[in-house]
Amino acid sequence: MLSILPGFLLLPISFSLFALNLAFWGIIVTPLGLLKLLIPNAAAHRLIAKLGRFCYRGWTRVNTGLINLFNDVDWQISGEQQLDKESWYLLIANHKSWLDIPVVSTFAAKLIPEPKFFLKDQLKWVPFLGTGCWALDMPYMKRYSAATLAKRPELKGKDIETTRKSCAKFRHAPTTIINFVEGSRCTAQKQRLRQSPYSHLLPPKAGGIAFTLASMGEQFNAILDITLIYPDNQQNIALDMLMGRLKRVVIKAEILAVDQHVMGDYFNDAVFRENFQQWLNQRWQLKDQYISAYYQQQQSDTFKQPIRC
């Protein structure tokens, strides 16, 4: 445990090791993407996907080890008892820091299939990034703007169909799709700009999760609603972690049914769209209440501690 060292010494060491871990697995994964492009064979693609999942797990394990090496972290995880690695999940979560991705990956490592993130279709052609993500079977999402659809109405529904094709491979292997529903990391400034009605969250954006459900909702066994809290690190969470100051990571998982509340034509059915937005807002209200209750309980426990003279 290196958390006893001063933060200014830990920062360059930890940052370098996290960067090297990313570079190492990235160098391995990129050729897999190129092989996938060059070998149009289903069996070869399945082998490449298996190797890609191995790389993702390796990246996750090293990240988790580094977090624990540089920080004396108390991992508080609840609600994971009914999860398994042989199911399909849509994982939705609040977003506080870039550290959320390694944290969610750590949570997923032994409980659910390796997470996948939806990427914009344009990123497919970015050197190294596009081929690497393709090798990892990250799904690509193609969206048409309202202006484009107004000019070319024949494209209506094509974006969902394209995404469905991108996700077709997941029918044969258990998968977790992640969506950070707020769209960006929550900060006090963003809360003010968006006039957030929540104390600890940004307003959720329904379009992305609705798009995911419209594309592959019938494949999901459940929706996994994850609440992330870093109770002792409110401002610069990732920097605190790199400097050995991360104290607690709280992860609460709640399993939700894929039912009539979330399955429907969000983009063409106004009634369903309103009901879906209400459902998501209610989920975010419950999440916000849970975070507030957690902090209140922590404050209460602090007050109950005996005073030592």
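Throughout, a residue's number is its position along its own chain's written sequence, starting from 1. For this predicted model, a pLDDT threshold of at least 70 governs which residues receive local features, and a threshold of 80 or more governs which side-chain atom pairs are given and counted, while totals over whole chains, interfaces and linings are taken from all residues. No hydrogens and no water enter the side-chain calculation; it runs on all heavy atoms of the structure.

Draft legend 1. Representation of the environment of Asp225 in the model. If you trace the backbone, Asp225 turns up in strand β7 (residues 222-229). By relative accessible area, which is 3% here, Asp225 ends up buried. Taking the C-alpha atoms as reference points, Asp225 and Lys36, separated by 189 residues in sequence, lie 33 Å from one another. Excluding its chain neighbours within four sequence positions, the residues that come into contact with Asp225 are Ile92, Lys252, Ala253, Glu254, Leu256, Arg283 and Lys287. We define a polar contact as two N or O atoms separated by no more than 3.5 Å, with the added condition that, inside protein, one atom must be a possible hydrogen donor and the other a possible acceptor, whereas residues neighbouring each other in sequence contribute only through side-chain atom pairs. A distance of 3.3 Å separates a polar atom in the side chain of Asp225 from a polar atom in the side chain of Arg283. Note on conventions: DSSP H or I runs of at least 4 residues are helices, E runs of at least 2 residues are strands, and numbering of each starts at the N terminus. Accessibility here uses a 1.4 Å probe with only protein chains present; expressed as a share of the type maximum, an area under 20% marks a residue as buried, one over 50% as exposed, and anything in between as partly exposed. Whether two residues touch is decided by their heavy atoms; if any such pair falls within 4.5 Å, the residues are in contact.

Draft legend 2. Representation of the pairing of strand β8 (residues 248-256) within the structure. In this analysis, strands are considered paired if DSSP registers two or more bridges between them. One ladder, built from 5 bridges, connects strand β1 (residues 74-78) with β8; its direction is parallel. Looking at β8, one finds that Ile77 is bridged to Ile251. The sheet contact formed by β7 and β8 spans 7 bridges and is antiparallel. Looking across to β8, one finds that Leu228 is bridged to Ile251.

Draft legend 3. Inspection of a nonpolar patch on the surface at higher detail. Patch definition: residues above 30% relative accessible area lacking any salt bridge, with like charges linked at up to 9 Å and the nonpolar side chains Val, Leu, Ile, Met, Phe, Trp and Tyr linked at up to 5 Å. Per-residue accessibility takes into account occlusion by the displayed protein chains alone, with areas from the Shrake-Rupley method and a 1.4 Å probe. Salt bridges are identified by distance alone: a Lys or Arg side-chain nitrogen within 4 Å of an Asp or Glu carboxyl oxygen. A contiguous nonpolar patch, built from Leu34, Leu35, Leu37, Leu38 and Ile39 and spanning about 470 Å² of accessible area, is present on the exposed surface. Mapped onto the fold, Leu35 is located in helix α1 (residues 7-38).

Draft legend 4. Seen up close, the sheet that holds β8. Judged by pairing direction, the sheet is mixed, and its 6 strands sit side by side in the order β1-β8-β7-β2-β6-β3 without closing on themselves. Of all strands in the sheet, those with a lone pairing partner are β1 and β3 (115-117), marking the two edges. Across the sheet, the mean angle separating the axes of adjacent strands is 25° when strand polarity is ignored. Relative to strand β6 (residues 176-180), β3 runs parallel, the two being bridged by 3 bridges. The residue bridging Lys116 from the neighbouring strand is Ile177, located in β6. Fitting a line to C-alpha atoms yields each axis, with helices limited to the stretch in contact; the angle taken between N-to-C directions then spans 0 to 180 degrees. Together, β1, β2 (89-93), β3, β6, β7 and β8 form the strand contacts of helix α3 (residues 100-109), whose direction differs from that of β7 by roughly 125°. With respect to the sheet, helix α8 (residues 206-216) is in contact with β2 and β6, its orientation differing from that of β6 by roughly 160°.

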